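# Observations on the model geometry
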Amino acid sequence: MVETARPWAAYCRISDADLAELRYLVNAGALTPEEAKERERKGVLKQREDLAALAANMGVPVAWYEDNNLSAFKRRVKRKDFERMLVDLAAPGLRGGILAVDIDRLTRQNRDLERVIDIYEGNKQKLGFVTLSGQNFDLSTPDGRFSARIMVSVANKASEDMSRRLKREMLRKAREGEVSGGHRPFGWEEDRKTARPKEAEMVASQTEAGIQGDSVATVTRRFKEAGFVGRTGKPYDRTAVRRILLNPRNAGIRVYQGEPLKDDEGQYVMGDWDALVSVQSWEALRAKWETNQGAGQSREYRTSTLLSGILRCGACGTRMVAANSASKYPKYRCAEGAGGCGNVSIIRNKTDEVIRQLVTEYLERAAKNLSLAQEPEEKQWEKEPELTEAETELADIKAMYNAGKIKATTYAILLDDLEGKIEKLRGERALFQATRPSLAPSLDAMKDGWGQLSIERQRDVVRSVLRSVLVATTRKRGAGIDLERLTPVFRED
(Lines give C-alpha, C1' and ligand atoms only; values in the text may rest on other atoms or scores of the structure.)
Protein backbone atom coordinates (compact mmCIF):
# COMPACT_ATOMS: atom_id res chain seq x y z
CA MET A 1 0.00 0.00 0.00
CA VAL A 2 1.35 3.42 -1.02
CA GLU A 3 1.82 6.02 1.71
CA THR A 4 -0.18 9.16 0.86
CA ALA A 5 0.97 11.65 3.51
CA ARG A 6 4.20 12.72 1.82
CA PRO A 7 4.27 14.26 -1.70
CA TRP A 8 6.35 12.37 -4.21
CA ALA A 9 9.06 14.11 -6.28
CA ALA A 10 7.86 14.12 -9.91
CA TYR A 11 10.92 14.76 -12.06
CA CYS A 12 10.65 15.91 -15.70
CA ARG A 13 13.43 16.29 -18.25
CA ILE A 14 13.80 15.95 -21.99
CA SER A 15 16.08 12.99 -22.67
CA ASP A 16 19.52 13.24 -24.26
CA ALA A 17 18.26 11.40 -27.33
CA ASP A 18 15.44 13.92 -27.75
CA LEU A 19 17.83 16.83 -27.33
CA ALA A 20 20.32 15.33 -29.78
CA GLU A 21 17.60 14.79 -32.38
CA LEU A 22 16.35 18.36 -31.99
CA ARG A 23 19.89 19.76 -32.31
CA TYR A 24 20.40 17.68 -35.44
CA LEU A 25 17.16 18.98 -36.99
CA VAL A 26 18.17 22.57 -36.21
CA ASN A 27 21.65 22.07 -37.72
CA ALA A 28 20.10 20.45 -40.76
CA GLY A 29 17.75 23.41 -41.20
CA ALA A 30 14.60 21.31 -40.67
CA LEU A 31 13.70 23.26 -37.52
CA THR A 32 14.37 26.79 -36.38
CA PRO A 33 15.82 27.25 -32.87
CA GLU A 34 12.47 28.69 -31.79
CA GLU A 35 10.57 25.67 -33.11
CA ALA A 36 13.01 23.35 -31.32
CA LYS A 37 12.44 25.13 -28.01
CA GLU A 38 8.69 24.88 -28.47
CA ARG A 39 8.99 21.15 -29.14
CA GLU A 40 11.18 20.73 -26.05
CA ARG A 41 8.59 22.48 -23.94
CA LYS A 42 5.77 20.36 -25.34
CA GLY A 43 7.80 17.25 -24.49
CA VAL A 44 8.12 18.31 -20.85
CA LEU A 45 4.42 19.22 -20.61
CA LYS A 46 3.53 15.75 -21.93
CA GLN A 47 5.73 14.23 -19.19
CA ARG A 48 3.91 16.29 -16.57
CA GLU A 49 0.54 15.08 -17.85
CA ASP A 50 1.68 11.44 -17.79
CA LEU A 51 3.23 11.70 -14.31
CA ALA A 52 0.17 13.50 -12.96
CA ALA A 53 -1.98 10.61 -14.20
CA LEU A 54 0.43 8.08 -12.61
CA ALA A 55 0.31 9.93 -9.30
CA ALA A 56 -3.49 10.01 -9.43
CA ASN A 57 -3.60 6.24 -9.96
CA MET A 58 -1.26 5.78 -7.01
CA GLY A 59 -3.28 8.22 -4.88
CA VAL A 60 -0.28 10.37 -3.97
CA PRO A 61 0.31 14.14 -4.11
CA VAL A 62 3.31 15.40 -6.08
CA ALA A 63 5.94 18.11 -5.90
CA TRP A 64 7.27 19.07 -9.35
CA TYR A 65 10.91 19.26 -10.37
CA GLU A 66 11.79 20.21 -13.94
CA ASP A 67 15.12 20.61 -15.77
CA ASN A 68 14.16 21.48 -19.32
CA ASN A 69 16.85 21.39 -22.01
CA LEU A 70 19.54 20.11 -19.63
CA SER A 71 21.59 17.00 -20.26
CA ALA A 72 21.80 14.24 -17.65
CA PHE A 73 24.75 12.77 -19.58
CA LYS A 74 27.25 15.66 -19.66
CA ARG A 75 29.31 15.72 -16.49
CA ARG A 76 29.72 19.48 -16.24
CA VAL A 77 26.02 20.31 -16.61
CA LYS A 78 24.42 21.41 -13.32
CA ARG A 79 20.72 20.61 -13.03
CA LYS A 80 19.17 23.02 -10.57
CA ASP A 81 15.94 21.11 -9.90
CA PHE A 82 17.72 17.76 -9.73
CA GLU A 83 19.91 19.15 -6.95
CA ARG A 84 16.89 20.65 -5.20
CA MET A 85 15.09 17.30 -5.40
CA LEU A 86 18.03 15.49 -3.76
CA VAL A 87 17.98 17.96 -0.88
CA ASP A 88 14.24 17.42 -0.39
CA LEU A 89 14.56 13.63 -0.59
CA ALA A 90 17.24 13.67 2.08
CA ALA A 91 15.04 15.72 4.44
CA PRO A 92 13.28 13.30 6.88
CA GLY A 93 9.58 12.88 6.14
CA LEU A 94 9.46 15.44 3.29
CA ARG A 95 9.12 13.22 0.19
CA GLY A 96 7.70 9.76 -0.41
CA GLY A 97 9.92 8.87 -3.36
CA ILE A 98 10.54 9.63 -7.03
CA LEU A 99 8.20 9.53 -10.02
CA ALA A 100 9.81 9.64 -13.47
CA VAL A 101 9.03 8.63 -17.04
CA ASP A 102 12.06 6.32 -16.90
CA ILE A 103 15.31 6.11 -14.99
CA ASP A 104 17.26 7.66 -17.88
CA ARG A 105 15.22 10.84 -17.46
CA LEU A 106 16.56 11.06 -13.92
CA THR A 107 20.22 10.38 -14.75
CA ARG A 108 22.58 8.94 -17.35
CA GLN A 109 25.62 9.05 -15.08
CA ASN A 110 26.28 6.39 -12.44
CA ARG A 111 27.84 8.95 -10.12
CA ASP A 112 24.49 10.80 -9.90
CA LEU A 113 22.69 7.49 -9.37
CA GLU A 114 25.01 6.70 -6.45
CA ARG A 115 24.06 10.00 -4.82
CA VAL A 116 20.40 8.99 -5.05
CA ILE A 117 21.21 5.53 -3.68
CA ASP A 118 23.02 7.05 -0.69
CA ILE A 119 19.89 9.02 0.16
CA TYR A 120 17.65 5.96 -0.17
CA GLU A 121 19.93 3.87 2.02
CA GLY A 122 20.28 6.56 4.67
CA ASN A 123 16.62 7.54 4.93
CA LYS A 124 14.82 5.98 7.91
CA GLN A 125 11.50 6.11 6.04
CA LYS A 126 11.38 3.95 2.94
CA LEU A 127 11.40 5.86 -0.35
CA GLY A 128 9.78 4.59 -3.54
CA PHE A 129 10.98 4.82 -7.14
CA VAL A 130 8.18 4.43 -9.72
CA THR A 131 8.42 4.98 -13.49
CA LEU A 132 5.89 5.08 -16.32
CA SER A 133 7.86 2.39 -18.14
CA GLY A 134 7.07 -0.05 -15.33
CA GLN A 135 10.73 -0.43 -14.35
CA ASN A 136 10.41 0.34 -10.66
CA PHE A 137 13.55 0.16 -8.55
CA ASP A 138 13.75 -0.59 -4.84
CA LEU A 139 17.00 1.23 -4.16
CA SER A 140 17.06 0.03 -0.57
CA THR A 141 17.83 -3.55 -1.72
CA PRO A 142 20.94 -4.97 -3.45
CA ASP A 143 18.89 -6.34 -6.38
CA GLY A 144 17.13 -3.01 -6.90
CA ARG A 145 20.39 -1.10 -6.87
CA PHE A 146 21.99 -3.64 -9.24
CA SER A 147 19.13 -3.26 -11.75
CA ALA A 148 19.25 0.53 -11.55
CA ARG A 149 23.01 0.57 -12.13
CA ILE A 150 22.68 -1.63 -15.20
CA MET A 151 19.94 0.53 -16.71
CA VAL A 152 21.88 3.77 -16.12
CA SER A 153 25.00 2.22 -17.67
CA VAL A 154 22.97 1.23 -20.73
CA ALA A 155 21.56 4.78 -20.97
CA ASN A 156 25.07 6.22 -20.63
CA LYS A 157 26.32 4.01 -23.47
CA ALA A 158 23.39 5.08 -25.66
CA SER A 159 24.22 8.74 -25.05
CA GLU A 160 27.88 8.18 -25.92
CA ASP A 161 26.90 6.41 -29.15
CA MET A 162 24.47 9.20 -30.09
CA SER A 163 27.06 11.89 -29.36
CA ARG A 164 29.69 10.10 -31.43
CA ARG A 165 27.32 9.68 -34.40
CA LEU A 166 26.27 13.32 -34.31
CA LYS A 167 29.86 14.57 -34.10
CA ARG A 168 30.86 12.34 -37.00
CA GLU A 169 27.94 13.60 -39.10
CA MET A 170 28.66 17.25 -38.27
CA LEU A 171 32.32 16.79 -39.19
CA ARG A 172 31.33 15.17 -42.49
CA LYS A 173 29.05 18.09 -43.33
CA ALA A 174 31.75 20.57 -42.36
CA ARG A 175 34.42 18.89 -44.52
CA GLU A 176 32.05 18.95 -47.48
CA GLY A 177 31.32 22.64 -46.90
CA GLU A 178 27.61 22.15 -46.23
CA VAL A 179 25.63 24.88 -44.50
CA SER A 180 25.22 24.42 -40.74
CA GLY A 181 22.15 25.31 -38.70
CA GLY A 182 21.50 27.92 -36.05
CA HIS A 183 20.39 31.53 -36.21
CA ARG A 184 20.53 33.40 -39.50
CA PRO A 185 24.02 34.90 -39.71
CA PHE A 186 24.35 38.61 -40.46
CA GLY A 187 24.78 39.04 -44.20
CA TRP A 188 22.62 36.14 -45.43
CA GLU A 189 18.97 35.26 -45.95
CA GLU A 190 17.15 32.63 -43.91
CA ASP A 191 18.48 29.87 -46.16
CA ARG A 192 21.98 30.80 -44.85
CA LYS A 193 23.28 30.63 -48.44
CA THR A 194 21.99 33.67 -50.30
CA ALA A 195 23.56 37.04 -49.50
CA ARG A 196 21.20 39.70 -48.12
CA PRO A 197 22.21 42.75 -50.21
CA LYS A 198 22.14 45.56 -47.64
CA GLU A 199 23.89 43.52 -44.93
CA ALA A 200 26.35 41.98 -47.39
CA GLU A 201 27.35 45.45 -48.60
CA MET A 202 27.83 46.59 -45.00
CA VAL A 203 30.13 43.64 -44.28
CA ALA A 204 32.17 44.27 -47.43
CA SER A 205 32.51 48.04 -46.98
CA GLN A 206 33.31 47.91 -43.28
CA THR A 207 35.80 45.08 -43.73
CA GLU A 208 37.68 47.34 -46.12
CA ALA A 209 37.30 50.29 -43.72
CA GLY A 210 38.75 48.23 -40.89
CA ILE A 211 41.68 47.13 -43.04
CA GLN A 212 42.43 50.75 -43.90
CA GLY A 213 42.50 51.73 -40.24
CA ASP A 214 38.99 52.37 -38.92
CA SER A 215 38.53 51.18 -35.35
CA VAL A 216 35.82 48.88 -34.04
CA ALA A 217 34.19 51.89 -32.35
CA THR A 218 33.97 53.82 -35.63
CA VAL A 219 32.58 50.82 -37.53
CA THR A 220 30.08 50.14 -34.74
CA ARG A 221 28.81 53.71 -35.03
CA ARG A 222 28.22 53.14 -38.75
CA PHE A 223 26.22 49.98 -38.01
CA LYS A 224 24.05 52.02 -35.65
CA GLU A 225 23.63 54.91 -38.11
CA ALA A 226 22.59 52.43 -40.82
CA GLY A 227 19.86 51.07 -38.53
CA PHE A 228 21.12 47.51 -38.11
CA VAL A 229 19.90 45.77 -34.95
CA GLY A 230 20.37 42.34 -33.39
CA ARG A 231 17.75 39.71 -32.62
CA THR A 232 16.73 41.59 -29.46
CA GLY A 233 15.96 44.72 -31.47
CA LYS A 234 18.87 46.64 -29.95
CA PRO A 235 21.77 48.14 -31.96
CA TYR A 236 24.89 46.00 -32.19
CA ASP A 237 27.62 46.81 -29.66
CA ARG A 238 31.37 46.71 -30.36
CA THR A 239 31.71 43.06 -29.38
CA ALA A 240 28.90 42.02 -31.73
CA VAL A 241 30.24 44.10 -34.65
CA ARG A 242 33.72 42.71 -34.18
CA ARG A 243 32.31 39.17 -34.15
CA ILE A 244 30.25 39.85 -37.29
CA LEU A 245 33.16 41.20 -39.34
CA LEU A 246 35.69 38.61 -38.15
CA ASN A 247 33.34 35.71 -38.91
CA PRO A 248 35.24 33.31 -41.26
CA ARG A 249 31.90 32.63 -42.92
CA ASN A 250 32.10 36.08 -44.56
CA ALA A 251 34.95 34.75 -46.72
CA GLY A 252 33.12 31.50 -47.44
CA ILE A 253 35.21 29.53 -44.93
CA ARG A 254 33.54 26.61 -43.15
CA VAL A 255 33.75 26.71 -39.36
CA TYR A 256 33.81 23.58 -37.19
CA GLN A 257 33.67 23.73 -33.39
CA GLY A 258 34.33 27.44 -33.45
CA GLU A 259 37.45 27.34 -35.64
CA PRO A 260 38.04 27.74 -39.40
CA LEU A 261 38.23 24.23 -40.86
CA LYS A 262 41.25 23.24 -42.96
CA ASP A 263 41.86 20.27 -45.22
CA ASP A 264 44.85 17.92 -45.18
CA GLU A 265 46.84 20.41 -47.26
CA GLY A 266 46.32 23.17 -44.71
CA GLN A 267 43.90 25.09 -46.96
CA TYR A 268 40.57 26.44 -45.77
CA VAL A 269 37.49 24.31 -46.45
CA MET A 270 35.08 26.52 -48.37
CA GLY A 271 31.31 26.44 -47.83
CA ASP A 272 28.50 26.28 -50.37
CA TRP A 273 27.15 29.79 -49.73
CA ASP A 274 27.74 33.27 -51.15
CA ALA A 275 31.01 34.74 -49.84
CA LEU A 276 30.77 38.42 -48.84
CA VAL A 277 34.51 39.22 -48.90
CA SER A 278 37.67 37.56 -50.17
CA VAL A 279 39.74 35.28 -47.96
CA GLN A 280 42.57 37.79 -48.28
CA SER A 281 40.36 40.63 -46.98
CA TRP A 282 39.14 38.54 -44.05
CA GLU A 283 42.71 37.57 -43.16
CA ALA A 284 43.83 41.19 -43.44
CA LEU A 285 41.08 42.47 -41.14
CA ARG A 286 41.78 39.77 -38.60
CA ALA A 287 45.47 40.64 -38.63
CA LYS A 288 44.57 44.31 -38.17
CA TRP A 289 41.95 43.94 -35.47
CA GLU A 290 43.75 41.27 -33.48
CA THR A 291 46.40 43.85 -32.60
CA ASN A 292 45.65 46.32 -29.82
CA GLN A 293 45.51 49.22 -32.25
CA GLY A 294 43.09 47.53 -34.59
CA ALA A 295 40.81 46.45 -31.76
CA GLY A 296 40.57 50.03 -30.57
CA GLN A 297 42.43 49.38 -27.33
CA SER A 298 45.55 51.50 -27.67
CA ARG A 299 45.86 55.22 -26.97
CA GLU A 300 46.55 55.83 -30.65
CA TYR A 301 43.09 54.64 -31.67
CA ARG A 302 41.07 55.64 -28.63
CA THR A 303 41.45 59.35 -29.38
CA SER A 304 38.70 61.22 -31.19
CA THR A 305 40.93 64.14 -32.19
CA LEU A 306 43.26 64.55 -35.14
CA LEU A 307 46.54 65.53 -33.51
CA SER A 308 46.53 64.06 -29.98
CA GLY A 309 49.88 62.35 -29.53
CA ILE A 310 51.19 63.78 -32.81
CA LEU A 311 51.78 67.26 -31.41
CA ARG A 312 54.72 67.55 -29.03
CA CYS A 313 55.46 70.23 -26.49
CA GLY A 314 58.26 72.44 -27.77
CA ALA A 315 59.45 73.07 -24.20
CA CYS A 316 59.72 69.52 -22.83
CA GLY A 317 58.97 67.19 -25.76
CA THR A 318 55.95 65.49 -24.14
CA ARG A 319 53.11 64.37 -26.44
CA MET A 320 50.19 66.83 -26.24
CA VAL A 321 46.60 65.72 -25.69
CA ALA A 322 43.14 67.17 -26.26
CA ALA A 323 41.72 69.33 -23.48
CA ASN A 324 38.77 71.66 -22.80
CA SER A 325 36.56 69.68 -25.18
CA ALA A 326 33.37 71.31 -23.89
CA SER A 327 34.62 74.90 -24.19
CA LYS A 328 34.16 77.27 -27.13
CA TYR A 329 37.86 77.06 -27.95
CA PRO A 330 39.07 73.51 -27.17
CA LYS A 331 42.84 73.09 -27.06
CA TYR A 332 45.71 70.67 -27.24
CA ARG A 333 47.91 70.92 -24.18
CA CYS A 334 51.05 69.56 -22.58
CA ALA A 335 49.60 67.70 -19.60
CA GLU A 336 51.42 67.67 -16.28
CA GLY A 337 49.61 64.45 -15.40
CA ALA A 338 51.31 62.76 -18.36
CA GLY A 339 54.75 63.89 -17.24
CA GLY A 340 54.74 67.18 -19.15
CA CYS A 341 55.61 70.69 -18.05
CA GLY A 342 52.05 71.95 -18.43
CA ASN A 343 53.23 75.26 -19.95
CA VAL A 344 52.20 74.84 -23.59
CA SER A 345 48.76 74.75 -25.23
CA ILE A 346 47.30 75.66 -28.62
CA ILE A 347 43.78 76.06 -30.04
CA ARG A 348 42.65 72.75 -31.47
CA ASN A 349 40.33 73.48 -34.42
CA LYS A 350 42.61 76.00 -36.13
CA THR A 351 45.64 73.78 -35.60
CA ASP A 352 43.80 70.84 -37.18
CA GLU A 353 42.87 73.01 -40.17
CA VAL A 354 46.43 74.17 -40.71
CA ILE A 355 47.92 70.66 -40.48
CA ARG A 356 45.31 69.23 -42.86
CA GLN A 357 46.18 71.93 -45.40
CA LEU A 358 49.91 71.35 -44.92
CA VAL A 359 49.55 67.59 -45.46
CA THR A 360 47.31 68.05 -48.51
CA GLU A 361 49.79 70.39 -50.20
CA TYR A 362 52.68 68.05 -49.40
CA LEU A 363 50.89 65.04 -50.91
CA GLU A 364 49.89 66.96 -54.03
CA ARG A 365 53.51 67.95 -54.60
CA ALA A 366 54.64 64.36 -53.97
CA ALA A 367 52.09 63.03 -56.47
CA LYS A 368 53.21 65.53 -59.11
CA ASN A 369 56.87 64.67 -58.61
CA LEU A 370 56.20 60.93 -58.74
CA SER A 371 54.17 61.26 -61.93
CA LEU A 372 57.19 62.88 -63.61
CA ALA A 373 59.62 60.27 -62.36
CA GLN A 374 59.90 56.59 -63.23
CA GLU A 375 57.32 54.48 -61.45
CA PRO A 376 59.04 52.97 -58.38
CA GLU A 377 59.43 49.21 -58.18
CA GLU A 378 56.64 47.60 -56.22
CA LYS A 379 57.72 46.72 -52.71
CA GLN A 380 57.62 43.01 -51.86
CA TRP A 381 56.51 41.54 -48.57
CA GLU A 382 59.70 40.79 -46.68
CA LYS A 383 58.42 37.71 -44.85
CA GLU A 384 57.43 35.72 -47.96
CA PRO A 385 60.49 33.40 -47.67
CA GLU A 386 59.66 32.75 -44.03
CA LEU A 387 56.09 31.75 -44.91
CA THR A 388 57.25 29.51 -47.77
CA GLU A 389 59.74 27.79 -45.47
CA ALA A 390 57.06 27.20 -42.80
CA GLU A 391 54.61 25.76 -45.35
CA THR A 392 57.30 23.45 -46.73
CA GLU A 393 58.26 22.32 -43.22
CA LEU A 394 54.61 21.57 -42.43
CA ALA A 395 54.27 19.41 -45.54
CA ASP A 396 57.49 17.54 -44.66
CA ILE A 397 56.34 16.87 -41.10
CA LYS A 398 52.99 15.51 -42.32
CA ALA A 399 54.81 13.20 -44.73
CA MET A 400 57.10 11.96 -41.95
CA TYR A 401 54.13 11.28 -39.66
CA ASN A 402 52.24 9.40 -42.37
CA ALA A 403 55.38 7.32 -42.94
CA GLY A 404 55.55 6.49 -39.22
CA LYS A 405 58.86 8.31 -38.68
CA ILE A 406 57.73 10.56 -35.82
CA LYS A 407 55.57 9.93 -32.75
CA ALA A 408 52.00 11.20 -32.50
CA THR A 409 52.79 13.47 -29.54
CA THR A 410 55.72 15.07 -31.34
CA TYR A 411 53.60 15.46 -34.47
CA ALA A 412 50.80 17.17 -32.53
CA ILE A 413 53.20 19.67 -30.92
CA LEU A 414 54.95 20.50 -34.21
CA LEU A 415 51.65 20.71 -36.06
CA ASP A 416 50.16 23.13 -33.53
CA ASP A 417 53.20 25.41 -33.57
CA LEU A 418 53.60 25.47 -37.36
CA GLU A 419 49.92 25.93 -38.17
CA GLY A 420 49.75 28.86 -35.75
CA LYS A 421 52.85 30.43 -37.30
CA ILE A 422 51.54 29.96 -40.86
CA GLU A 423 48.16 31.41 -39.99
CA LYS A 424 49.78 34.47 -38.43
CA LEU A 425 52.10 35.01 -41.39
CA ARG A 426 49.27 34.63 -43.90
CA GLY A 427 47.31 37.27 -42.01
CA GLU A 428 50.27 39.63 -42.06
CA ARG A 429 50.73 39.04 -45.80
CA ALA A 430 47.06 39.73 -46.47
CA LEU A 431 47.22 42.96 -44.47
CA PHE A 432 50.39 44.04 -46.32
CA GLN A 433 48.81 43.34 -49.70
CA ALA A 434 45.63 45.17 -48.76
CA THR A 435 47.43 48.28 -47.51
CA ARG A 436 50.79 48.21 -49.39
CA PRO A 437 52.20 51.58 -50.47
CA SER A 438 51.32 52.84 -53.94
CA LEU A 439 51.59 56.14 -55.82
CA ALA A 440 50.52 58.88 -53.37
CA PRO A 441 48.25 56.47 -51.40
CA SER A 442 47.25 59.00 -48.75
CA LEU A 443 46.21 61.54 -51.39
CA ASP A 444 44.12 58.86 -53.10
CA ALA A 445 42.38 58.12 -49.78
CA MET A 446 41.50 61.83 -49.54
CA LYS A 447 39.94 62.15 -52.98
CA ASP A 448 36.49 62.71 -51.45
CA GLY A 449 37.80 65.13 -48.83
CA TRP A 450 39.01 64.92 -45.26
CA GLY A 451 35.44 64.94 -43.99
CA GLN A 452 34.71 61.58 -45.63
CA LEU A 453 37.44 59.85 -43.64
CA SER A 454 37.11 58.53 -40.11
CA ILE A 455 39.34 60.18 -37.51
CA GLU A 456 41.54 57.06 -37.48
CA ARG A 457 42.14 57.27 -41.23
CA GLN A 458 42.74 61.01 -41.08
CA ARG A 459 45.42 60.34 -38.47
CA ASP A 460 46.93 57.67 -40.74
CA VAL A 461 47.16 60.23 -43.56
CA VAL A 462 48.85 62.74 -41.25
CA ARG A 463 51.19 60.05 -39.95
CA SER A 464 52.15 59.10 -43.52
CA VAL A 465 53.63 62.59 -43.91
CA LEU A 466 54.60 63.78 -40.43
CA ARG A 467 56.47 62.14 -37.60
CA SER A 468 55.30 64.84 -35.23
CA VAL A 469 54.66 68.57 -34.90
CA LEU A 470 56.51 70.64 -32.31
CA VAL A 471 54.50 73.40 -30.62
CA ALA A 472 56.52 76.33 -29.27
CA THR A 473 55.45 78.33 -26.23
CA THR A 474 53.21 81.39 -26.75
CA ARG A 475 55.25 84.47 -27.71
CA LYS A 476 53.02 86.88 -25.81
CA ARG A 477 49.66 86.95 -24.10
CA GLY A 478 46.72 87.57 -26.35
CA ALA A 479 48.64 86.55 -29.46
CA GLY A 480 46.04 83.90 -30.29
CA ILE A 481 47.10 80.77 -32.18
CA ASP A 482 50.20 82.23 -33.89
CA LEU A 483 50.77 79.40 -36.35
CA GLU A 484 54.44 80.18 -36.58
CA ARG A 485 54.65 78.19 -33.35
CA LEU A 486 54.19 74.95 -35.32
CA THR A 487 57.27 73.12 -36.56
CA PRO A 488 56.38 70.01 -38.59
CA VAL A 489 58.81 67.09 -38.57
CA PHE A 490 58.46 65.27 -41.90
CA ARG A 491 59.05 61.55 -42.30
CA GLU A 492 61.51 62.20 -45.10
CA ASP A 493 63.69 64.33 -42.81
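Let us look at the structure shown here. (Residues numbered from 1 in each chain as written. Predicted model: local features only at pLDDT ≥ 70, side-chain atom pairs only at ≥ 80, totals over all residues. Heavy atoms only, no water.)

A few words now on the overall build of the protein chain. From N to C terminus, the protein chain includes 16 helices and twelve strands. Here the protein chain holds 493 residues, and the buried ones make up 43% of them. Put simply, of all contacts in the protein chain between residues at least 6 apart along the chain, 65% involve residues at least 24 apart. For the protein chain, the accessible area works out to roughly 26,900 Å², and carbon and sulfur atoms hold 49% of it. (Helix = DSSP H or I, 4+ residues; strand = E, 2+ residues; numbered from the N terminus. Buried < 20%, exposed > 50% of the residue type's maximum accessible area, 1.4 Å probe, protein only. Contact = heavy atoms within 4.5 Å. Areas by Shrake-Rupley, 256 points an atom, 1.4 Å probe, with all protein chains shown as cover.)

Moving on to unusual backbone geometry. Residues other than glycine seldom take positive phi values, yet Arg192 does so here, at roughly 65°. Relative to the assigned elements, Arg192 resides in the loop between α6 (142-175) and α7 (197-211). Among the residues examined, Arg192 registers a relative accessible area of 10% and is labelled buried.

On the basis of which strands lie adjacent, the open sheet formed by three strands has the order β8-β9-β10 and antiparallel pairing. Of all the strands in the sheet, the pair left with one neighbour each is β8 (321-323) and β10 (345-347). Neighbour-to-neighbour, the strand axes of this sheet turn through a mean angle of 35°, independent of strand direction. (Pairing = 2+ DSSP bridges. Axes fitted to C-alpha atoms, helices over the stretch in contact; angles between N-to-C directions.)

Within the largest apolar cluster, 29 residues are counted, with the highest numbers of intra-cluster contacts made by Phe186, Val203, Phe223, Tyr236, Ile244, Leu245 and Trp289. For this core, the secondary structure elements donating two or more residues are α7, α8 (216-225), α9 (238-245), α10 (279-289) and α14 (408-435). When residues in this core are grouped by element, the largest group, five residues, is from α10. Among all residues touching Leu245, those that are not within four sequence positions of it are Val203, Gln206, Thr207, Val219, Phe223, Asn250, Trp282, Leu285 and Trp289. Core analysis: the second largest hydrophobic core is formed by 24 residues, Val461, Val462, Val465 and Val469 among them. (Core = buried A, V, L, I, M, F, W, Y, C linked by side-chain atoms within 4.5 Å.)

Two elements in contact, α8 and α9, have axes separated by 9 Å at closest approach and are oriented at 95°. As far as their axial angle goes, α9 and α8 are roughly perpendicular. Residues Val216, Ala217, Val219, Thr220 and Phe223 of α8 lie in contact with α9, whose contacting residues are Arg238, Val241, Arg242, Ile244 and Leu245. (Parallel < 35°, antiparallel > 145°, perpendicular 65-115°, else oblique.)

With that out of the way, let us pick up a nonpolar patch on the surface. A cluster of nonpolar side chains, contributed by Phe146, Ile150 and Val154, occupies part of the molecular surface with about 290 Å² of accessible area. With a relative accessible area of 53%, Phe146 lands in the exposed category. (Patch = residues over 30% accessible without salt bridge, like charges linked within 9 Å, V, L, I, M, F, W, Y side chains within 5 Å. Salt bridge = Lys/Arg side-chain N within 4 Å of Asp/Glu carboxyl O.)

Glancing now at the pairing of strand β3 (residues 97-100). The side chains of a regular strand alternate between the sheet's two faces. Burial along β3 is two-sided: Gly97 and Leu99 and Ile98 and Ala100, pointing in opposite directions, are all buried. Here strand β1 (residues 8-12) pairs with β3 via two bridges, running parallel. Across the sheet, the residue bridging to Ala10 is Leu99, located in β3. Where β3 lies against strand β4 (residues 128-131), four bridges are found, and the strand directions are parallel. For Ala100, the partnering residue across the bridge sits in β4 and is Thr131.

Let us look at the pattern of salt bridges. Going through the model one piece at a time under the given rule, you end up with 23 salt bridges. Between Arg145 and Glu121 there is a salt bridge whose closest N-O contact spans 3.2 Å. On the criterion of sequence distance, the pair formed by Arg145 in helix α6 and Glu121 in helix α5 (residues 110-122) is long-range, its members being 24 residues apart. A salt bridge links Lys421 to Glu386, with the shortest nitrogen-to-oxygen separation between them at 4.0 Å. Of the two residues, Lys421 is situated in helix α14 and Glu386 in helix α13 (residues 384-402); the sequence distance between them amounts to 35 residues. Residue classification places Glu386 among the partly exposed residues on the basis of a relative accessible area of 34%. Residues participating in the shared-partner salt-bridge network are Arg184, Glu189, Glu190, Arg196 and Glu199.

Pairing of strand β7 (residues 311-313) with strand β11 (residues 466-471), which is carried by three bridges, proceeds in the parallel orientation. When the sheet's bridge partners are listed, Arg312 is paired in β11 with Leu470. With five bridges connecting them, β11 and strand β12 (residues 486-490) associate as antiparallel partners. Each residue of the ladder has a partner; that of Ser468, found in β12, is Val489.

Along the chain, Asp67 falls in the loop between β2 (62-66) and α3 (80-90). It turns out Asp67 is buried and unbridged, and the closest side chain with the opposite charge, Arg79, is 4.9 Å from it. There is a polar contact of 2.7 Å between the side chain of Asp67 and the side chain of Tyr11. There is a polar contact of 2.9 Å between the side chain of Asp67 and the backbone nitrogen of Phe82. When neighbours within four sequence positions are excluded, Asp67 is seen to be in contact with Tyr11, Cys12, Arg13, Ile14, Arg79, Lys80, Asp81 and Phe82. (Lys, Arg positive; Asp, Glu negative; His and termini not counted. Polar contact = N/O pair within 3.5 Å; in protein donor to acceptor, adjacent residues only side chain to side chain.)

Time to look at α3. Within α3 the residues assigned to the buried category are Asp81, Phe82, Met85, Leu86, Asp88 and Leu89. Down the axis of α3, the buried side of the element spans an arc of 165°, and every buried residue falls inside it. The exposed residues of α3 that point more than 90 degrees off its buried face are Lys80 and Val87. Its buried side turned inward, α3 meets β1, β2, β3, α4 (103-106) and α5. (Arc of directions from axis to C-beta.)

Looking now at the packing of α7 against α10. Between α7 and α10, the shortest axis-to-axis distance is 9 Å and the interhelical angle comes to 45°. By the criterion of interaxial angle, the relationship of α7 to α10 is oblique. Judged by the twist between their axes, the crossing of α7 over α10 is left-handed. Here Thr207, Gly210 and Ile211 of α7 lie close against α10, whose contacting residues are Ser281, Ala284, Leu285, Lys288 and Trp289. Looking at side-chain class alone, the contact of α7 with α10 contains four nonpolar, three polar and one charged residues. (Left-handed = near helix turned anticlockwise from the far one by under 90°. Nonpolar A, V, L, I, M, F, W, Y, C, P; charged D, E, K, R; others polar.)

For α13, spanning 19 residues, the distance from its first C-alpha to its last is 27 Å, which sits close to the expected 27 Å at 1.5 Å a residue. Those residues of α13 that sit buried are Leu387, Ala390, Leu394, Ile397 and Lys398. Angularly, the buried residues of α13 cover 100° about the axis, an arc narrow enough to put them on a single face. Set apart from the buried face of α13 by more than 90 degrees, the exposed residues are Pro385 and Glu389. Taken from the residues just after α13, Gly404 is the one with a positive phi, measuring 75°. (Expected span 1.5 Å × (residues − 1).)

From the geometry alone we can't say anything about function, so treat these as descriptive.
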